[in-house]
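Read off the chains here:
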Amino acid sequence: MYAQMVETGVKKVKDRADMDANEAAFMLQIDAEDKIEPQSWMPEAYRKTLVRQISQHAHSEIIGMQPEGNWLTRAPTLKRKLQLAAKIQDECGHGLYLYSAAETLGTSRAQMLDDLHTGKAKYSSIFNYPTLSWADIGAVGWLVDGAAIVNQVMLQRTSYGPYARAMVRICKEESFHQRQGYELLLTMMQQGTQAQKDMVQDSINRLWWPSLMMFGPTDDESPNSAQSIAWKIKRKGNDEIRQQFIDQTIPQLEVLGCTVPDPDLKWNEATGHYDFGAIDWAEFFAVIKGNGPCNKQRLERKVASHEAGAWVRDAAIAYANKQANKQANKQSNANKVA
């Protein structure tokens, strides 16, 4: 998932005894694993939380096209260029699915985009880092999409129906992206020059810690997680899924023949997990607040692209209105004849 620190508007999880009849019935539906649908009654805080999470997820898919598009004209072969173009197209589609899911909650596409363009809404911190080399494209696919998949797989079981159903296709495509990214890096490590191998290691060094930050702060510092889990929007805490990602990624790293920039990383026989070093949360919060390497550039380009595409949206609306009027006139004439 590309959503972090999603505000629930709830300070603590409400006790069942303090709920009114509607809230109690809602929680029984959640407990029974019955999906909440757009027409279902839901607490306002639940609705607002979903709008924030799904729209942030959508924004991340769209902004995430930029660091990959940076290399579209510089891909080393036609095959790689086609792969990258297909991936960027997929990410655009993911944004569309998610904006559509969010709209079922009563918000509008225009409002969500305005919130993004004015800085009110956020997107994942990972997309505020630059892609400095071709190896970064592989590392983004392997690490960034790999981290997203760990979170997104459980979102296929999220309590809100439209969101869960959108995630089914998204997860299938993201899994392909992850494998594609890993294959790119593996090819460079097995067939590349020493300079290309060094390029892969440099990419991992720069993107490893930002990838771990994608899961959000530790559970102790994430006051919204408990409520999201109670509503079954989320299924696991930040620490658990971060650990899951590390455990499944390190064996793949060893096959590559690379390392991560963490001297504290080691296998713990007692826990059955990898121990790892401290994450620099000061860096994470700085990026979230808009002070990352590419925050300003990413948002400026998104706004400029939106403004440049206004004529396309206007033309589409004009055409739709013309077709609607034509259909209305046709129906009116048919009624007169009848």
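Here is a short report on the structure shown in this document. (Residues numbered from 1 in each chain as written. Predicted model: local features only at pLDDT ≥ 70, side-chain atom pairs only at ≥ 80, totals over all residues. Heavy atoms only, no water.)

**What to know about the packing of helix H6 (residues 134-155) against helix H10 (residues 238-256)**
In a pair of packed helices, the angle between the axes and the distance between the axes together describe the arrangement. It is the contact of H6 with H10, at a shortest axis distance of 10 Å, that shows an interaxial angle of 140°. In the crossing of H6 with H10, the sense of the turn from one axis to the other is right-handed. On H10, the residues that touch Trp142, Leu143, Gly146, Ala147, Val150, Asn151 and Met154 of H6 are Ile241, Gln244, Phe245, Gln248, Thr249, Gln252, Leu253 and Leu256. Within the contact of H6 with H10, the residues separate by chemical class into 9 nonpolar, 6 polar and no charged. (Axes fitted to C-alpha atoms, helices over the stretch in contact; angles between N-to-C directions. Helix = DSSP H or I, 4+ residues; strand = E, 2+ residues; numbered from the N terminus. Left-handed = near helix turned anticlockwise from the far one by under 90°. Contact = heavy atoms within 4.5 Å. Nonpolar A, V, L, I, M, F, W, Y, C, P; charged D, E, K, R; others polar.)

**Quick notes on empty space enclosed by the protein**
Under the criterion given, the structure shown has 4 cavities of 30 Å³ or more. Forming the boundary of the largest cavity are Arg80, Gln83, Leu84, Lys87, Trp134, Ile137, Gly141, His177, Gln180, Gly181 and Leu184. Every element with two or more residues in the lining of the largest cavity is listed here: helix H4 (78-103), H6 and helix H7 (161-191). Here the residues of the lining of the largest cavity are counted per class, giving 4 nonpolar, 5 polar and 2 charged. (1 Å grid on protein atoms, 1.4 Å probe; cavity = no way out; pocket = protein on both sides within 12 Å on 5 of 7 lines; lining within 4 Å. Points joined across faces, edges and corners; volume = space filled by probe spheres on them.)

**Remarks on a negative patch on the surface**
On the surface, a cluster of negative charge is contributed by Asp219, Asp220, Glu221 and Glu240. By the secondary structure assignment, Glu221 is in the loop between helix H8 (194-213) and helix H9 (225-230). (Patch = residues over 30% accessible without salt bridge, like charges linked within 9 Å, V, L, I, M, F, W, Y side chains within 5 Å. Areas by Shrake-Rupley, 256 points an atom, 1.4 Å probe, with all protein chains shown as cover. Salt bridge = Lys/Arg side-chain N within 4 Å of Asp/Glu carboxyl O. Lys, Arg positive; Asp, Glu negative; His and termini not counted. Charge placed at Lys NZ, Arg CZ, Asp CG, Glu CD.)

**Observations regarding the pattern of salt bridges**
Applying the stated criterion across every chain, the model contains 16 salt bridges. A salt bridge links Asp31 to Arg16; its shortest N-O distance comes to 3.0 Å. Here Arg16 lies in the segment before helix H1 (21-31) and Asp31 lies in helix H1, a separation of 15 residues in the sequence. Judged by relative accessible area, Arg16 falls into the partly exposed class, the value being 42%. A salt bridge links Lys232 to Glu33; the shortest N-O distance between them is 2.9 Å. Residue Lys232 is located in the loop between H9 and H10, and its partner Glu33 is located in the loop between H1 and helix H2 (44-63); the two are separated by 199 residues in the primary sequence. We classify Glu33 as partly exposed; its relative accessible area is 37%. Sharing partners across several salt bridges, the network here consists of Glu33, Lys232 and Arg235. (Buried < 20%, exposed > 50% of the residue type's maximum accessible area, 1.4 Å probe, protein only.)

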